[in-house]
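Residues per chain are reported as follows:
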Amino acid sequence: MKKLILSAVAASSLIGCTSVESAVVSGTEIAANGEAVAVIQTNALGLTAIFHIIDIVQSDLDTVVNKLLIAEAKAMGASKVDLKSAGTTPRHGIYALFGTIIGVTSSTATGVAVK
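These figures come from a predicted structure and were not determined experimentally.

A. Inspection of the environment of D60 at higher detail. Note on placement: D60 falls in the loop between β3 (54–57) and α2 (61–75). A residue is classified by how much of its surface remains accessible, and D60, at 23% relative accessible area, is partly exposed. Between the C-alpha atom of D60 and that of N43, which follows or precedes it by 17 residues, the distance is 9.8 Å. Setting aside chain neighbours within four positions, we find D60 in contact with T88 and S107.

What follows is the structure in structure tokens.
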């Protein structure tokens, strides 16, 4: 039983991951509300249990926008982000059925870092 619990914890730590990709751009070649610094794309995979009620590894819009996208933009010297797209796996209503015992969620956000 201990090996089963240990393997479940190890597997959940491997599934839950984040990715931040960025490309530095010229402010004259990208149209944005200010001087463009970079294009940033963030992704997060999460793990939930029992119809998406319990978050084992968190993946939602708050994580990808605030903790990943804005943090990366500020680290690159930008003062704000022009958000282009954001999305996450639906968790309520009929979509909760897809998260039966263990479910995998995904969230993504893309934006332009501007000064």
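B. Expanded view of the nonpolar core. V37, A38, I40, A44, V64, V65, L68, L69, A73, A78, A109 and A113 together form the largest nonpolar core, which totals 12 residues. Those elements that place two or more of their residues in this core are β2 (36–49), α2 and β5 (102–114). Here the element with the most residues in this core is α2; it accounts for five residues. The residues touching V65, leaving out its near neighbours within four places in the chain, are I70 and A109.

C. The side chain of T105, seen in detail. Tracing the chain through its elements places T105 in strand β5. Classification of T105 by relative accessible area gives buried; the value is 1%. Ignoring sequence-local partners within four residues, the contact set of T105 consists of A44, L45, G46, L47, T48, H52, S59, T89 and R91.

D. Representation of the pattern of salt bridges. Under the defined criterion, the tally for this structure stands at two salt bridges. Between D55 and R91 there is a salt bridge, with its nearest N and O atoms 2.8 Å apart. Here R91 lies in the loop between β4 (80–88) and β5 and D55 lies in strand β3, a separation of 36 residues in the sequence. Taking relative accessible area as the criterion, D55 reaches 37% and is therefore assigned partly exposed. A salt bridge links D82 to K84, with the nearest nitrogen and oxygen atoms 3.1 Å apart. Overall, the relative accessible area of 16% leaves D82 in the buried class.

Thresholds applied
Residues numbered from 1 in each chain as written. Predicted model: local features only at pLDDT ≥ 70, side-chain atom pairs only at ≥ 80, totals over all residues. Heavy atoms only, no water. Helix = DSSP H or I, 4+ residues; strand = E, 2+ residues; numbered from the N terminus. Buried < 20%, exposed > 50% of the residue type's maximum accessible area, 1.4 Å probe, protein only. Contact = heavy atoms within 4.5 Å. Core = buried A, V, L, I, M, F, W, Y, C linked by side-chain atoms within 4.5 Å. Salt bridge = Lys/Arg side-chain N within 4 Å of Asp/Glu carboxyl O.

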